[in-house]
Amino acid sequence: SVRGKTAVIPLDPENARGSCDSLSMAIYGRLFNWLVRKVNASLQGDAKDSKSVYIGILDIFGFEIFEQNSFEQLCINYANEKLQQQFNRTTFKEEEALYVSEGIKFTHVEFIDNQQVLDMIEQPPRGILPMLDDECLVPEGSDTKFINKVEETHAKNPKFQTDVHRKLNDSFNFEIDHYAGVVNYNADGFMVKNRDNMFFDQYVLCSRSSHALMQELFPKGKGNINNVSQSKQFRGQLTELMDSLAKTESRYIRCIKPNAQQVSDKFESPLVVDQLRYSGVFEAVEIRRQGYPFRLRYNQFACKYSCVNGNYSYRTAAKDYKKRCQEIIDSAKDDFTECVFGKTMVLYRTKEHRTLTLRRELALETIIPKCQAVMRGHLPREMKRRCYKCQDEIAEALRVANDIDLLTEAIENVEPTIGPHYMKLFPGVMPTNLERAKRHREALQRWVDLEAVLTRLNAVEEPSQGELDEMQAALAEAKTILDVPRTSVQQKQYDKALVQVHYMDIKLTDAFLQSNGNRYDNLSKYKGLRDIMDYAKGKKAQETMCVWQKAKCKKTLTPIEDKEVQKVAKKLNEQILMYAELKKNPDPNGAALEFLRTAMESDALKDEAYCLLIKMTSQVPEEQQQSGFKCWDLLGAVITNFIPSNRDLELITIMHFRGAPGGLQQNYLSAFHETKYADEVRPNVNNLMAAINSTKNAGRTRYSVRA
């Protein structure tokens, strides 16, 4: 566009293709540079100063020698020449700097310098790459003219060569004798690859793109049609790299591929030799060989080679390392006159190194067995000492018995006290009481866990069934480890839990009866009774099955299959009637005691006894109140000896206590709880009055929750 007018210039196919290629190259180049900037910014991290201390890793190009080598290979091999020169000079300078710092006279070390090849490639205006840039600027420039000019300019350069019949064969090939060997290049296409031309209208086109990344790559108003060639960009970046390397302390790692297939257990000698040659390793080794390739500091040399003189007794002080090294050399039987003593180290060549190494290996054949004998005695003794130390710590913790922290510390100190090296040398060797300590700690940990559970549940005032189940489970577990010592706090919580679990049971039972008491308010609702039709045929007898009656029961109230037990159960009814003076007997108290002894013979008799006493204390006629009181007394004596085996009968009994005469409801309930929850019930079947009074005098106990 000129003065607002746009002119369209048609292009022939060749120019159109060139314009398309230049646009693609421009986009690719800017995208690549954008990616490099992003990577650099990421690697820089939070460092504000881009010149701060850093560690850089440079993956050096390898020399590329293919059947067809073009512009790309020339740039890569040019970079390798520069890096190889820097490597050689660094190695040489380090070698010379070492000799100077040690104050050693040395012969100047010569090495192959590839500066002539570098000048031929990069030196303006006669360098190959500068000449390529100039040819790209000439309107009628071509690859043919370029190769002709290069051939004419460098025809006499020993590092450059072309075929004498090149022009006749219309060939673009030329050869450069690189550091790694001769490489044949084909200049056909050099100019196309070197150009980086982008027309202004192409830049404007890209800057107007709707894509955000394209707008970033081609910002508006910053178009630049003064493009820099690829070779000039490459030379500039390489110069910056070399400047950075010159400011750093370089360390080199040479990676050698054993085979081209990259498989294991295969070594291809020609390939390895080529890599060593191309990477300059041979040259570096040669530089080192011309000087003193072996060097050790005085303390290292004295430590390593004091043994080469056998039983010789050194006169110099052990800490005066330089004099000791001098004495080692002087007292040796071999010729070590080529060894050089610097300010801080001994330097020597291959011959001296081989002799010293041989002497040392011979000496070690005697020294090592002696050292092994000493260590084989020392190591087990030291291991034993360490094990005993750990064993004593564990024994003290086991003596304390209930301190889990002390025991844990003693166990955890075993590994650091013995040490990882001794544990590897003596696998499986441990203090004899370690396993016992671990088992004891597990038991103590169970008490710690139980303490937390019991402390929480002991604080519950309105328990749920789940909390009761949890408490019962916790106590059951605690009973399995009662032989394990516990702390005073744990013991206190355990003792409290033994009461709390009964408190929970009573509270839940009381709450249950508050809502469901009508299901247990009289004996007739007990599902464990004999079927009424089986109990009696007559209506009157059936009506008195569950209430007071003066006459003897013809059958037991509960169904008892065993006929012998049935006979015994019938005697229970007679003994109640005798004690209540409803049947003549010269010794009522004796009958009551016999009743207690008989009822305790089995669970079936216990339940029968409770059913009979609840029956005889239910709906007592006014004129028979005295016999009813006697039956209540006998029920009190029963309570102090045993409780029903059936849960429903137990609930009916608790509800029945609400009808106890003389305001003794709470006394009966408390006595019942004492018997139910006591760790051990001591039967009282020899002193009736004591058993009766035990119930009557029972006050509100630790188990009772309400009157």
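Before any of the text, the structure's been laid out above.
Each value, and the rule that gives it
- Residues numbered from 1 in each chain as written.
- Predicted model: local features only at pLDDT ≥ 70, side-chain atom pairs only at ≥ 80, totals over all residues.
- Heavy atoms only, no water.
- Pairing = 2+ DSSP bridges.
- Helix = DSSP H or I, 4+ residues; strand = E, 2+ residues; numbered from the N terminus.
- Patch = residues over 30% accessible without salt bridge, like charges linked within 9 Å, V, L, I, M, F, W, Y side chains within 5 Å.
- Areas by Shrake-Rupley, 256 points an atom, 1.4 Å probe, with all protein chains shown as cover.
- Salt bridge = Lys/Arg side-chain N within 4 Å of Asp/Glu carboxyl O.
- Core = buried A, V, L, I, M, F, W, Y, C linked by side-chain atoms within 4.5 Å.
- Buried < 20%, exposed > 50% of the residue type's maximum accessible area, 1.4 Å probe, protein only.
- Contact = heavy atoms within 4.5 Å.
- Axes fitted to C-alpha atoms, helices over the stretch in contact; angles between N-to-C directions.
- Parallel < 35°, antiparallel > 145°, perpendicular 65-115°, else oblique.
- Left-handed = near helix turned anticlockwise from the far one by under 90°.
- Nonpolar A, V, L, I, M, F, W, Y, C, P; charged D, E, K, R; others polar.

Turning our attention to the pairing of strand S3 (residues 181-186). Pairing analysis gives 6 bridges linking strand S2 (residues 173-178) to S3, with the strands arranged antiparallel. Bridge pairing in S3 places Phe-174 opposite Tyr-185. In sequence, S2 turns back onto S3 through a hairpin of 2 residues.

Glancing now at a nonpolar patch on the surface. Among the surface-exposed residues, Tyr-28, Phe-32 and Val-36 lie close enough to one another that they form a single nonpolar patch of about 330 Å² accessible area. Relative to the helices and strands, Phe-32 is located in helix H1 (residues 13-44).

To continue, consider the nonpolar core. Membership of the largest hydrophobic core comes to 60 residues, with the highest contact counts inside it found for Leu-523, Phe-595 and Tyr-610. Top contributing element to this core by residue count: helix H25 (residues 603-616), with 8 residues. Contacts of Phe-595, omitting those with residues within four sequence positions, involve Leu-572, Gln-575, Ile-576, Ala-609, Leu-613, Leu-634 and Val-638. If you look at the next biggest cluster of nonpolar residues, it comprises 35 residues, including Leu-434, Ala-437, Met-471 and Tyr-494.

Before going further, it helps to spend a moment on the packing of helix H20 (residues 488-516) against helix H28 (residues 665-677). Relative orientation of the contacting elements H20 and H28 amounts to 130°, with a least axis distance of 11 Å. Accordingly, the angle class assigned to the pair H20 and H28 is oblique. As H20 runs across H28, the sense of the crossing is right-handed. Taken together, the residues of H28 that come into contact with H20 (itself represented by His-502, Asp-505 and Ile-506) are His-673, Lys-676 and Tyr-677. Classifying every residue of the contact of H20 with H28 gives 2 nonpolar, 2 polar and 2 charged.

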